[in-house]
Amino acid sequence: MNQLVTSPSPSLPALVTAAGDRASIRFLEFFAAQIRNPHTRRAYARAVGAFLAWCADAGVPSIATVQPLHVATWIELQGQEVSAPSVKQRLAAIRHLFDWLVMGQVVPVNPAASVRGPRHVVRVGKTPVLEPTEARALLDSIDATAPAGLRDRALIALMVYSFARIGAALAMKVEDVFTQNRRLWVRLHEKGGKDHAMPCHHTLEQALAAYVEGAGLGDDPKGPLFRTIGRGTGQLTRTPLPQANAYAMIRRRAEAAGIKTKIGNHSFRATGITAYLKNGGTLEKAAAMANHASTRTTQLYDRRRDEMSLDEVERIVI
């Protein structure tokens, strides 16, 4: 770290190094120690890097001389290029960074504290979802005679039937699939370091058991549950499956199954929650199963209104 902060480095923006070693150390500590989620860390790093590069082009000499006007102007420009949620996330990155710098006595005040982001109200989620018959057809279309098929079917079934986030699913180890009370359970490592365990739906139980047994994973309990496929071998490696690879797999499987909806990793979480609620499940139980802190978040995944809207539209007879 000393080498990084005592000489100019591509790891540090010019405005940070211009403020001295103390500012450089504090800047690095913000990303290394303050932000634990790797996805948030990457998003914040991109936002902060872009903002400080813009400030440098605008003639700001140091991070210690950034003013509210600079933040407000940059946020206004961002609103012309990206969606309101993205603008709010970028403003949050800048605000949190300067809060950290203020606490470290690098800057006297937070220039982003008085800057307001765009208004954004969400009542219904935008994540594409599948009909239950489509989700079933997708699972049935996967050839589960090879390790890749066993893996893909198990991963999709996990997200549908346990409402698992893709990040939590890919973070699982083999030992996170376990037997309790004569039933297969899964343990998900959710946001904020929270572990969330729940019993498996019988369809998920069959898919996971077939995958673990068929791929020979039982002898490697500490290894990753979902793994990449070795190039040219068709066999599982010990490398965890990256999120981007999971997305590419889902798009490929959906296309092969003839599904036109442009689904992604998060679609199965919304599909499972909607199917559960349509079959008489309660919002409170759905929130507990999805590990949501509030039922308001769960409501964003409830897409039953889409069917109601379609029924009403069909009443227009001309």
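Quick summary incoming for the structure in this document. Because the structure is predicted, anything quoted here is derived from the model rather than measured. (Residues numbered from 1 in each chain as written. Predicted model: local features only at pLDDT ≥ 70, side-chain atom pairs only at ≥ 80, totals over all residues. Heavy atoms only, no water.)

Turning to the nonpolar core, a few remarks are in order. The tendency in soluble globular proteins is for nonpolar side chains to be buried as a group. Among the nonpolar cores identified, the biggest contains 43 residues, and Leu155, Leu208, Leu225, Phe226 and Phe268 are the most heavily contacted of them. Those elements giving two or more residues to this core turn out to be α7 (132-141), α8 (147-162), α9 (166-170), β2 (183-189), α10 (202-214) and α11 (243-256). With eight residues, the single largest contributor to this core is α8. Excluding residues that lie within four positions of it along the chain, Leu225 makes contacts with Met172, Lys173, Val174, Val177, Leu208, Tyr211, Val212 and Leu217. Listed in part, the 34 residues of the second largest apolar core include Ala47, Ile63, Ile75 and Trp100. (Core = buried A, V, L, I, M, F, W, Y, C linked by side-chain atoms within 4.5 Å. Buried < 20%, exposed > 50% of the residue type's maximum accessible area, 1.4 Å probe, protein only. Helix = DSSP H or I, 4+ residues; strand = E, 2+ residues; numbered from the N terminus. Contact = heavy atoms within 4.5 Å.)

Here strand β3 (residues 195-199) shows one buried face, formed by His196 and Met198, and one open face, formed by Asp195, Ala197 and Pro199. Both β2 and β3 contribute to a ladder of five bridges, which runs antiparallel. Paired with Trp185 across the strands is Pro199, a residue of β3. (Pairing = 2+ DSSP bridges.)

Moving on, we come to α10. In an α-helix, one turn spans 3.6 residues; hence positions three or four apart end up facing the same way. Helix length check: α10, at 13 residues, gives a terminal C-alpha distance of 18 Å against a target of 18 Å (1.5 Å per residue), a fit within 8%. Here α10 has its buried residues at Thr203, Leu204, Ala207, Leu208, Tyr211 and Val212. End-on view of α10: buried residues confined to an arc of 150 degrees, all on one side of the axis. Seen from the buried face of α10, the exposed residues on the opposite side, beyond 90 degrees, are Gln206, Glu213 and Gly214. Next to the buried residues of α10 lie α7, α8, β1 (177-180), β2, β4 (227-229) and β5 (236-240). (Expected span 1.5 Å × (residues − 1). Arc of directions from axis to C-beta.)

It is worth spelling out unusual backbone geometry at this point. Even without glycine at this site, Gln105 takes up a positive phi of about 60 degrees. Relative to the helices and strands, Gln105 is located in the loop between α6 (84-103) and α7. The backbone of Asn181 sits at a positive phi, close to 55 degrees, despite the residue not being glycine. Taking relative accessible area as the criterion, Asn181 reaches 68% and is therefore assigned exposed.

Following both chains from N to C, one finds α7 and α8 inclined at 160 degrees, their axes separated by 9 Å at the closest point. The angle between α7 and α8 falls in the class roughly antiparallel. The interaxial crossing formed by α7 with α8 has left-handed handedness. Contact residues: Arg136, Leu138 and Leu139 in α7; Arg153, Ile156, Ala157 and Tyr161 in α8. Here the contact of α7 with α8 is composed, by residue class, of five nonpolar, no polar and two charged. (Axes fitted to C-alpha atoms, helices over the stretch in contact; angles between N-to-C directions. Parallel < 35°, antiparallel > 145°, perpendicular 65-115°, else oblique. Left-handed = near helix turned anticlockwise from the far one by under 90°. Nonpolar A, V, L, I, M, F, W, Y, C, P; charged D, E, K, R; others polar.)

Here the focus is the layout of surface pockets. Here the second largest pocket is characterised by a volume of approximately 370 Å³. For the second largest pocket, the lining is made up of 17 residues, of which Val160, Tyr161, His201, Gly272 and Ala275 are closest to its centre. Elements supplying a minimum of two residues to the lining of the second largest pocket: α7, α8, β3 and α12 (267-278). Among the residues making up the lining of the second largest pocket, the classes are represented as 12 nonpolar, four polar and one charged. (1 Å grid on protein atoms, 1.4 Å probe; cavity = no way out; pocket = protein on both sides within 12 Å on 5 of 7 lines; lining within 4 Å. Points joined across faces, edges and corners; volume = space filled by probe spheres on them.)

Now for the packing of aromatic side chains. If you walk through the whole model with that rule in mind, you get six aromatic pairs. Plain terms: the ring middles of Phe30 and Phe31 are 5.0 Å apart, the flat faces sit at 80 degrees to each other, and that makes the pair edge-to-face. Grouping residues by exposure puts Phe30 and Phe31 together as buried. Directly above the aromatic system of Trp100 lies the positively charged group of Arg26, at a separation of 3.6 Å from the ring centroid. (Phe/Tyr/Trp six-rings, centres within 6.5 Å; stacked < 30°, edge-to-face > 60°. Lys NZ or Arg CZ within 6 Å of the ring centre and 35° of its normal.)

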